[in-house]
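Given next are the chains, with one letter for each unit.
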Amino acid sequence: MEDGMELERKIARLFFTIRQFKPRWLPGKSIRISINSDPVYLRVLRAAMDEIAALAGFSRKECAKIILAVDEACSNVIRHAYHDVAGQPIYITCRITPIKLEIVIVDLGEPADIKSIKPRPLDELRPGGLGVHIIRTVMDEVHYENLAKIGNRLIMAKFLPREEGAL
Amino acid sequence: MEDGMELERKIARLFFTIRQFKPRWLPGKSIRISINSDPVYLRVLRAAMDEIAALAGFSRKECAKIILAVDEACSNVIRHAYHDVAGQPIYITCRITPIKLEIVIVDLGEPADIKSIKPRPLDELRPGGLGVHIIRTVMDEVHYENLAKIGNRLIMAKFLPREEGAL
Amino acid sequence: MSLQLSTEQRGNVAVVGITGDVDLYSSPQLRKEILKLVNARDARLLVDLGKVTYMDSSGLATLIEGLQHINRNNGRMAVTGLRDAVKEIFELTRLDTVFSIYPDTETALEWVAS
Amino acid sequence: MSLQLSTEQRGNVAVVGITGDVDLYSSPQLRKEILKLVNARDARLLVDLGKVTYMDSSGLATLIEGLQHINRNNGRMAVTGLRDAVKEIFELTRLDTVFSIYPDTETALEWVAS
Ligand SMILES: Nc1ncnc2c1ncn2[C@@H]1O[C@H](COP(=O)(O)OP(=O)(O)O)[C@@H](O)[C@H]1O
Ligand SMILES: Nc1ncnc2c1ncn2[C@@H]1O[C@H](COP(=O)(O)OP(=O)(O)O)[C@@H](O)[C@H]1O
């Protein structure tokens, strides 16, 4: 119960902070999913993202890439923001606008040094260092924010496919 | 923007009310999904529920039934609590405990007359009137609550399958 | 994303093939198609659920409505091709005893046509 | 729910077959299996991804680690059976030019064994 209270306090602070930072979604107008920082839940998120991306009109192939980008982003939250400690919240918000699918990922972990979030050079072969490259390749907009003492927010978006024959 | 503010006010009241009613989940220890009251989003929820039920250890067949119960419950929220008005929030919270999968569905729609939530007699053949029967048959615990002026909460649970050979 | 429906006339029987998830979102589309076919006197309808990946009670309600029209018009209706998940909901609601359910299309067709 | 791994010896080649999603949750299990096989001198390894439904960068990291051990030990390693979604991540990360990728198991086996 104790850490439930602590978490609630953190969440209250989060809402306050996010408001200062300008809200990125309206509740009820978007799909929100929150999982905790245990990798076992990533497959739940992937299943939901697949349907969300399909609803937005992306092809099977593009859906697969979007799933991958979201999965990589949440894996990074688990490993780098929460240092592999399970039970911490990750908030994923998806919004389909007329022009893009927007995905916002918020965590309450260690605020990142934004400059250090970068892929390894691809020709330097070593395990790791590929997630950020994948995210940046798949998504059209990628924007990391350090939410002061609270945690982090990653805002990413991909433009919807143009309809055949549309302008 | 106006109705975003209105919604936020309602949500603040919701949190306050739910606290009085005794919280049923700890943020961060459960998987939460919120969709809005447009039937097009039900398939996103079903995809996520499939993975959640599988994580809880249910067979493919039981997963399918749990998906059905959750889908029916949310369809009822859309039709009866929100009277088919889209854009209103539905909050689904899932928690896997050592003995059961617990699913809580909260809406901010018209508070229900709990006594009226009942299935039609199965031998009286007419379209409709089957959702509540399905929910009650599939789930081991089903508990509807009217959250005063705020909306409704449905708490349902299904006991996890016993492991082969376990006591 | 929505339902795919195909209607084919085989002798005196209209065969409706459904592909996809029948839920609160898609069942109105199915309802429109079925109501077109059930209102003739002596209407014969076979609903092929072989490619239905999911069905909820709004789908069942649509089929019940079709059956009621058919019965009123002295017609005949059957369903066929139920996958496990779809069979489950018919059993849960005991509609497996109300509908004429056939495992294969040809036998169903024979019965509906007769 | 977790990964299914099978290891089979075919001549001088160890063939690892993987079934399921390789992600942050399951890749440690794969890593353990692969590290068992790559540390002999002249180790020969074929990784069959034919039943891999999803792979993320933690899966790639595991394969890279295996390849590095193999190279250090003068062994040989190939991967085979990439489905479209898996092929995609190899291309996205340009690892399709780093790994020896074969469309079918027999050709791959021949090359790894030689
Ligand atoms: N969510 C995050 N929080 C903090 N640091 C991050 C985050 N995501 C990525 N990073 C930083 O960016 C680097 C590159 O990330 P990535 O390409 O995913 O490879 P890897 O995580 O395997 O090192 C990481 O090593 C880490 O330092
Ligand atoms: N979430 C809800 N809010 C208010 N009333 C409900 C709700 N769910 C069910 N009901 C009531 O219970 C009745 C039976 O529901 P159900 O078995 O799903 O059949 P149907 O919705 O097709 O009538 C409904 O007609 C409605 O009056």
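Everything below is about the structure printed above this text.
Residues numbered from 1 in each chain as written. Chains lettered and ligands numbered in written order. Predicted model: local features only at pLDDT ≥ 70, side-chain atom pairs only at ≥ 80, totals over all residues. Heavy atoms only, no water.

Focus: the overall build of chain C
Part 1 of the reasoning: Each helix and strand in chain C was counted, giving four helices and five strands.
Part 2 of the reasoning: Scaling as 2.2 N^0.38, a compact globule of 114 residues should have a C-alpha radius of gyration of about 13 Å, and chain C matches this with 13 Å.
Part 3 of the reasoning: With the principal axes as the frame, chain C shows a C-alpha extent of 30 × 25 × 20 Å.
Part 4 of the reasoning: Counting only residues that meet the buried cut, chain C has 53% of its 114 residues in that class.
Part 5 of the reasoning: Long-range contacts, defined as pairs at least 24 residues apart, comprise 71% of the intrachain contacts of chain C with a sequence gap of at least 6.
Part 6 of the reasoning: Of the accessible surface of chain C, which amounts to about 5200 Å², a share of 46% is contributed by carbon and sulfur atoms.
Part 7 of the reasoning: Where the 12 positive side-chain charges of chain C centre and where its 15 negative ones centre are 7 Å apart. (Helix = DSSP H or I, 4+ residues; strand = E, 2+ residues; numbered from the N terminus. Rg over C-alpha atoms; globule rule 2.2 N^0.38 Å. Buried < 20%, exposed > 50% of the residue type's maximum accessible area, 1.4 Å probe, protein only. Contact = heavy atoms within 4.5 Å. Areas by Shrake-Rupley, 256 points an atom, 1.4 Å probe, with all protein chains shown as cover. Lys, Arg positive; Asp, Glu negative; His and termini not counted. Charge placed at Lys NZ, Arg CZ, Asp CG, Glu CD.)

A few points about the packing of helix α3 (residues 60-81) of chain A against helix α4 (residues 131-138) of chain A
Geometrically, a packed helix pair is captured by the angle between its two axes and the distance between the axes.
Residues and elements named next belong to chain A.
Part 1 of the reasoning: Direction vectors running N to C along α3 and α4 enclose 140°, while the axes themselves pass 9 Å from each other. One finds that α3 runs oblique with respect to α4. For the element pair α3 and α4, the recorded crossing hand is left-handed. Mapping the contact onto sequence places Lys65, Ile66, Leu68, Ala69, Glu72, Ala73 and Asn76 in α3 and Gly131, Val132, Ile134, Ile135 and Val138 in α4.
Part 2 of the reasoning: Classifying every residue of the contact of α3 with α4 by side-chain character gives eight nonpolar, two polar and two charged. (Axes fitted to C-alpha atoms, helices over the stretch in contact; angles between N-to-C directions. Parallel < 35°, antiparallel > 145°, perpendicular 65-115°, else oblique. Left-handed = near helix turned anticlockwise from the far one by under 90°. Nonpolar A, V, L, I, M, F, W, Y, C, P; charged D, E, K, R; others polar.)

Structural notes on the pattern of salt bridges
Part 1 of the reasoning: Here the structure, examined in full by the defined rule, presents 36 salt bridges over all chains.
Part 2 of the reasoning: In this structure, Arg46 of chain B engages Asp71 of chain B in a salt bridge whose closest nitrogen and oxygen atoms are separated by 2.7 Å. Within this pair, whereas Arg46 of chain B is found in helix α2 (residues 42-55), its partner Asp71 of chain B is found in helix α3 (residues 60-81), the two being separated by 25 residues in sequence. The pair Arg46 of chain B / Asp71 of chain B is uniform in exposure class, with both members buried.
Part 3 of the reasoning: In this structure, the salt-bridge partner of Glu88 of chain C is Lys65 of chain B, at a minimum N-O distance of 3.8 Å. (Salt bridge = Lys/Arg side-chain N within 4 Å of Asp/Glu carboxyl O.)

What about the site of ligand 1?
Residues and elements named next belong to chain A.
Part 1 of the reasoning: Within the structure, ligand 1 sits among Asn76, Arg79, His80, Ala112, Ser116, Ile117, Lys118, Gly128, Gly129, Leu130, Gly131 and Val132.
Part 2 of the reasoning: Here Asn76 contributes a side-chain N or O atom positioned 2.8 Å from an oxygen atom of ligand 1.
Part 3 of the reasoning: Between ligand 1 and the protein, one listed contact pairs an oxygen atom with a side-chain N or O atom of Arg79 at 2.4 Å.
Part 4 of the reasoning: Protein chains shield 81% of the accessible area of ligand 1, which is 530 Å² for the free molecule.
Part 5 of the reasoning: By residue number, the principal contributor to the shell around ligand 1 is α3, which donates three residues.
Part 6 of the reasoning: In the shell around ligand 1, the residues fall into four nonpolar, six polar and two charged. (Near = heavy atom within 4 Å. Polar contact = N/O pair within 3.5 Å; in protein donor to acceptor, adjacent residues only side chain to side chain.)

Some remarks on the pairing of strand β1 (residues 4-10) of chain D
In the case of a regular strand, side chains alternate between the two sheet surfaces.
Residue and element names in this part refer to chain D.
Part 1 of the reasoning: As judged from the seven bridges shared by β1 and strand β2 (residues 13-22), these two strands associate in the antiparallel manner. Among the inter-strand pairings, Leu5 is bridged to a residue of β2, identified as Ile18.
Part 2 of the reasoning: The loop that links β1 with its antiparallel partner β2 comprises two residues; one of these, Gly11, has a positive phi angle of about 65°. (Pairing = 2+ DSSP bridges.)

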